[in-house]
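Given next are the chains, with one letter for each unit.
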Amino acid sequence: MTRTKGLKKAQWAAMRLLLGTVGRLSEGVRIGYRHGFDSGSMLDHVYVNKAQGSLGIGRVIDRCYLNAVGWRAIRARRELLKDVLRKEIAERGGRATVLDVASGPGRYLQDLVAEHPAGALRVECRDLDRAGLSQGERQAAQRGLVGITFAHGDALAPQPPADGAPDVIVVSGLYELLLEDDAIAASVERLRGLLAPGGVLVFTTQTRHPQLEFIANVLPNREGVPWVMKCRPVEQAERWARDAGFAEVASRRESVGLFTVTTARG
């Protein structure tokens, strides 16, 4: 057992060394070391899905990196989220107020704003990562988008938006980073209190991931410590929503099969 643990430690050390040297030729790996592999800036690179790097080999490394199962699932999760949000907006006659409490640059929200007439959507993107928010502001300005704003804010201690209660609150990619179940249950209950009457909470759950051990032993998060995630059954996520007082709770799974998107209303 001790010998096996020693071999594992050596394996992870070798992978960290390789990623921190040759791996940095990849733009995605560089972003990971600069901002954290769990950061909004990293997700934005994953969403764009365009291999970038140095010396030619960097682009090859970046393509392999972007093709990892976790990132493919992240992109599938984004498409499912957009589909869910489109339907929620359509049910409100094409006009809605949306709050994302942990948005990063909010590229998929920018896409939704661009799909609708100017002013039809009011979207507020919040995050603790100021670099990601600044990146989102620049992107939105370059696209000439109207109605999307970016603000520094703690997803676990959310303040009511100044311009009224949101119709839709989104929590994407946050709960899998929280290791304490009670923190998620409290967040779901708190966010329900911020919704407008008839509003809906949309949140994601990571139910499985085949690379959890690799990620926890090799990749640093935005705080510079090992990126540890926790997978949970979707039934548990739905139970949190019901316990918070939501009457209608339903979930869908993205096509790769690692994440679910849950809608909770009522």
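Data block above holds the structure.
Residues numbered from 1 in each chain as written. Predicted model: local features only at pLDDT ≥ 70, side-chain atom pairs only at ≥ 80, totals over all residues. Heavy atoms only, no water.

Chemist: I'm lost on the environment of Tyr175 in this one. Help?
Modeler: If you trace the backbone, Tyr175 turns up in the loop between strand S4 (168–171) and helix H8 (181–192). Within the structure, the side chain of Tyr175 is placed 2.7 Å from the side chain of Ser187, a separation counted as a polar contact. (Helix = DSSP H or I, 4+ residues; strand = E, 2+ residues; numbered from the N terminus. Polar contact = N/O pair within 3.5 Å; in protein donor to acceptor, adjacent residues only side chain to side chain.)

Chemist: What's the story with the packing of aromatic side chains in this structure? I'm lost.
Modeler: Describing an aromatic ring pair means giving the distance of the ring centres and the angle of the ring planes. Enumeration over the complete set of coordinates arrives at 6 aromatic pairs. Seen in terms of ring centroids, Tyr33 and Phe37 are 5.4 Å apart; in terms of plane orientation they differ by 80°. Their pairing is edge-to-face. Overall, Tyr33 belongs to the partly exposed group, its relative accessible area being 25%. Pairwise contacts between aromatic rings join Tyr33, Phe37, Tyr65, Trp71 and Trp227 into one cluster. The ring of Tyr33 carries Arg24 above its face, with NZ or CZ at 4.0 Å from the centroid. (Phe/Tyr/Trp six-rings, centres within 6.5 Å; stacked < 30°, edge-to-face > 60°. Buried < 20%, exposed > 50% of the residue type's maximum accessible area, 1.4 Å probe, protein only. Lys NZ or Arg CZ within 6 Å of the ring centre and 35° of its normal.)

Chemist: Whenever I open this one, the pattern of salt bridges confuses me. Can you help?
Modeler: Side-chain pairing between opposite charges can occur once the charged atoms of the two side chains come close. Inspection of the entire model under this criterion finds 19 salt bridges. The salt bridge partner of Lys8 is Glu213, with a shortest N-O separation of 3.8 Å. Placement of the pair is Lys8 in helix H1 (residues 2–20) and Glu213 in helix H9 (residues 212–218), with a sequence separation of 205 residues. Owing to a relative accessible area of 33%, Lys8 belongs among the partly exposed residues under this scheme. (Salt bridge = Lys/Arg side-chain N within 4 Å of Asp/Glu carboxyl O.)

Chemist: Honestly, unusual backbone geometry in this entry has me stumped. Any pointers?
Modeler: Excluding glycine, residues mostly have negative phi values, and the peptide bonds linking residues are mostly trans. Positive phi values are uncommon outside glycine, yet Asn49 reaches one of about 60°. With respect to the secondary-structure elements, Asn49 resides in the loop between helix H3 (40–48) and helix H4 (57–66). Even without a glycine there, the phi angle at Leu55 is positive, about 60°. Counting through the fold element by element, Leu55 comes out in the loop between H3 and H4.

Chemist: Can you walk me through helix H10 (residues 234–243) in this structure?
Modeler: One full turn of an α-helix is made of 3.6 residues, so residues set three or four places apart face in the same direction. Among all positions in H10, only Val234, Gln236, Ala237, Glu238, Trp240 and Ala241 are buried. The inward-facing, buried residues of H10 abut H8, strand S5 (200–206), strand S6 (248–253) and strand S7 (259–265). Two residues or fewer past H10, Gly245 is found with a positive phi of approximately 110°. (Contact = heavy atoms within 4.5 Å.)

Chemist: Could you clarify how one ought to interpret a nonpolar patch on the surface in this entry?
Modeler: A grouping of Leu55, Ile57 and Val60 is seen on the molecular surface, where their side chains present a nonpolar patch of about 310 Å² in accessible area. Here Ile57 is to be found in helix H4. (Patch = residues over 30% accessible without salt bridge, like charges linked within 9 Å, V, L, I, M, F, W, Y side chains within 5 Å. Areas by Shrake-Rupley, 256 points an atom, 1.4 Å probe, with all protein chains shown as cover.)

Chemist: I'm lost on the nonpolar core in this one. Help?
Modeler: In summary, soluble globular proteins display a tendency toward joint burial of nonpolar side chains. The biggest cluster of nonpolar side chains holds 46 residues, and the ones touching the most others in it are Phe37, Trp71, Leu85, Leu109, Val123, Ile148 and Val202. Among the elements that take part in this core, helix H5 (residues 69–91) stands out by supplying 9 residues, more than any other. Residue contacts for Phe37: discarding those within four places in its chain leaves Leu19, Gly28, Val29, Gly32, Met42, Tyr65, Trp71, Leu219, Pro220, Asn221 and Trp227. Residues Ala102, Leu191, Leu201 and Val249 belong to the second largest nonpolar core, which totals 23 residues. (Core = buried A, V, L, I, M, F, W, Y, C linked by side-chain atoms within 4.5 Å.)

Chemist: Would you explain the environment of Val261 in this entry?
Modeler: Secondary-structure assignment places Val261 in strand S7. Sequence separation between Val261 and Val171 is 90 residues, and the spatial gap between their C-alpha atoms is 9.6 Å.

Chemist: I keep staring at the pairing of strand S3 (residues 148–152) and nothing clicks. Help me out?
Modeler: The two faces of a sheet get side chains in turn, since along a regular strand they alternate between them. In this sheet, S3 lies alongside strand S2 (residues 121–127) in parallel orientation, the contact comprising 5 bridges. The residue bridging Cys125 from the neighbouring strand is Phe150, located in S3. Between the parallel pair S2 and S3, the chain is carried across by helix H7 (residues 130–142), and the sense of this crossover is right-handed. (Pairing = 2+ DSSP bridges. Right-handed = clockwise from strand over helix to strand, strands pointing away.)

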